[in-house]
Amino acid sequence: MDFDYPALPREFKRNYLPQDIKFEWDDVNRVFEELGNRPLMSTADLERWLLDESELDAYLYEQRAIRYFNSTRQTDNPDYTKAFEEYTEFLEPKIKLASFKLLKKYVGSTFRSRLPRPVYELEDRRREGAVSIFREENVDLEKEDSALSQKYYRTTGAMTVTFLGQERTLQQMSKFYEVPDRAVREEAWRLSSQRALTDSKVLDSIYSEMVTLRDKIARNAGFNNYMDYIFVKKDRFDYTPNDCEEFHRAVEEAIVPLSRDIDSARSERVGIDVLMPWDLQVDPAGREALRPFDQVPALVSGARKVLAKVDKELVSFFERMVNLQLLDLDSRKGKAPGGYQEELAEVRLPLIFMNAVGKDDDVRTLLHECGHSFHTFLIRKARLPFFNGGANMPNEFSEVASMSMEMITGEHYEGVFYDREDAKRSNWREVVDNVKLFTWVATIDAFQHWVYTHPAHTREERAKAWVATFNRFCGLESYEGLESTRAYRWQRQLHLFEVPFYYIEYGIALTGALGVWSRYRKDPNDAIEAYKSALSLGCARPLPELFEAAGVEWGFGSGAVRRVAQELRSAIKEYGE
Ligand SMILES: [Zn+2]
């Protein structure tokens, strides 16, 4: 794929930023200085200032995105690697400090309270929160924290095994868990977990250092623990740690029994007495893995057909991405693993990155990322008078955009990617995966609640707390003889290292996404209209309003989780028949 950035249409003109600005500190700093020194003598001045600042934010966000995108699509291109590293090492810390000065200027302005409500209300609260927790001495600690993240990446990225005569990453090994031959699955699983275990002490130390650092960051900012700090830092205005704990209990009561029913049906169908960790991905009827397409062009044309059945406008967004070459989908040597959607905030266009190899998951991933890209397209329409993107966009809702699109499009696979039986099989897997995702979200979130409210813990205590949490939400698979693998299983979840406390968002969003999907099954037109209008609201409304606009009730407590469990149970029956 040729990514031709200069050729992208520039439909949104700059009114403030110099046309010839370069992504270098001198140029960027000149703009920061002008904004910093500009006198704000009226509410109109402040509004103008916010608009100008949003141009700078969009520019910085886009430049970072391009460098990130390039560095992941060609990890073996030293120029791209260097450009991204230079950004994170030299530019990013300076930008963070300079942006903070502007935040402070905003919060110190007396005209702030006169900005019209409700449009500025949430943004005002975000800024006030960010200023209240900022401490100069934490800038270096955060840098140390990201250096530790890099160490985590280097350690896990170097994990490979030799299997069937070929060196493979642990991520590449996961496809062997779907092989019908049980001996092959077991060997693949044991090899990977043994490889991961050889570095478990290293990862344990990295994590301990991170927990200590993060606790210090929180205390510097005047909090008792890092959990309370992160709720302010992540703008979690609409729920509390107690709400998350209620979610954990609700999952334990309503979803875990369903997850275990799935497992016992699985062991019956596969015909094994004791389900082992390597038996969880295989097709219960012993069929080979689904093959929805061979080459990327077939994936693209299939996605187009499926989206055309969902909505005219949404498929036109997708076609625009195809025409502008904003999709990098194939798996190539030198390409980073994973998949993501990235927003180019100035041209207001999305990029999709993934590694398609012809699996059922690839179709799901593309349509998931499409959901994110529709969000990017739809917020173009609703220009807000401040930066409407990046970290301002709440993940609790942006994942509703993607997860619900992933499920909605699944309704139209038949005749495009699959015949009737395989379409049902794919949807059955999706529903089962969502059940398992709920239990995993509760596991990871409950574990982090424990970790950061017990910052002085020893490694032994942590391993014990993990196993207790894991057992609370796990399925029926046995870890007899595999106890140490279970004790370090958390180390495979990169969020714990890289983006602490980022996980409950998936549980909240999944609850909402399932609501959108079930509405779509009853009244597709109505559901898509609500979906689009909710996405167009951008980041100016609180979560309960965004959910409501999407036509679903806000909340992830026991009532909501029980409703979702029922929905999932009946879908499993429907697709499993
Ligand atoms: Zn996503």
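The structure under discussion appears in the preceding block.
Remember, predicted model here, so these are calculated numbers, not experimental data. (Residues numbered from 1 in each chain as written. Predicted model: local features only at pLDDT ≥ 70, side-chain atom pairs only at ≥ 80, totals over all residues. Heavy atoms only, no water.)

A. Region of the structure containing the overall build of the chain. For the chain, the count of helices and strands is 22 helices and five strands. Dimensions of the chain, computed from C-alpha atoms along their principal axes, come out at roughly 75 × 55 × 50 Å. Across the chain, the fraction of contacts at a sequence separation of at least 24, relative to all contacts at a separation of at least 6, is 77%. Accessible area of the chain: about 25300 Å², with a carbon and sulfur share of 49%. Considering the chain, the positive charge centre built from 80 side chains and the negative charge centre built from 96 side chains are found 1 Å apart. (Helix = DSSP H or I, 4+ residues; strand = E, 2+ residues; numbered from the N terminus. Contact = heavy atoms within 4.5 Å. Areas by Shrake-Rupley, 256 points an atom, 1.4 Å probe, with all protein chains shown as cover. Lys, Arg positive; Asp, Glu negative; His and termini not counted. Charge placed at Lys NZ, Arg CZ, Asp CG, Glu CD.)

B. Just helix 10 (residues 241-270), in detail. Its 30 residues place the ends of helix 10 40 Å apart at the C-alpha level, agreeing with the 44 Å of an ideal helix rising 1.5 Å per residue. At I255, helix 10 shows its maximal kink, close to 40°; a proline, P257, follows between one and four residues later. (Expected span 1.5 Å × (residues − 1). Bend = angle between axes of the 7 residues up to and from the residue.)

C. The packing of aromatic side chains, seen in detail. Scanning the model with the defined rule gives 42 aromatic pairs in all. With 4.9 Å between their ring centres and 75° between their planes, F163 and F176 make a pair best called edge-to-face. Of this pair, F163 sits in strand 1 (residues 160-163) while F176 sits in the loop between helix 6 (170-173) and helix 7 (182-198); the two residues are 13 residues apart in sequence, bridging distant segments of the chain. Grouping residues by exposure puts F163 and F176 together as buried. With a centroid separation of 5.5 Å and 85° between ring planes, the pair formed by F470 and Y479 is classed as edge-to-face. Here F470 falls in the buried class, since its relative accessible area comes to 6%. By relative accessible area, which is 11% here, Y479 ends up buried. Each member of the aromatic cluster is reached from another via a ring pair, and the members are Y152, Y153, Y207, W440, F447, W466, F470, Y479, W490 and F497. (Phe/Tyr/Trp six-rings, centres within 6.5 Å; stacked < 30°, edge-to-face > 60°. Buried < 20%, exposed > 50% of the residue type's maximum accessible area, 1.4 Å probe, protein only.)

D. Just the pattern of salt bridges, in detail. Across all of its chains, the model carries 50 salt bridges by this definition. For E34, the salt bridge identified is with R38, shortest N-O distance 3.0 Å. With relative accessibility at 16%, the residue R38 sits in the buried group. A salt bridge links D279 to R185; the nearest nitrogen and oxygen atoms lie 2.7 Å apart. Taken together, the positions of D279 in the loop between helix 10 and helix 11 (296-310) and R185 in helix 7 put the pair 94 residues apart, joining distant regions of the chain. Of the two residues, D279 and R185, both sit in the buried class. Ionic contacts of the salt-bridge type, sharing partners, join the residues E53, E123, R126, R127 and D235 into one network. (Salt bridge = Lys/Arg side-chain N within 4 Å of Asp/Glu carboxyl O.)

E. How the structure looks around the coordination of the zinc ion. The protein atoms donating to the zinc ion are H368 (NE2), H372 (NE2), E399 (OE) and E399 (OE), with metal-donor distances spanning 2.1 to 2.4 Å. Angles of 54 to 141° at the metal separate the four donor atoms of the zinc ion, which places the site in the irregular class. (Donors = N, O, S within 2.8 Å, 3.2 Å for Na, K, Ca; no water. Tetrahedral: all angles 85-135°; square planar, octahedral: opposite > 155°, others 65-115°.)

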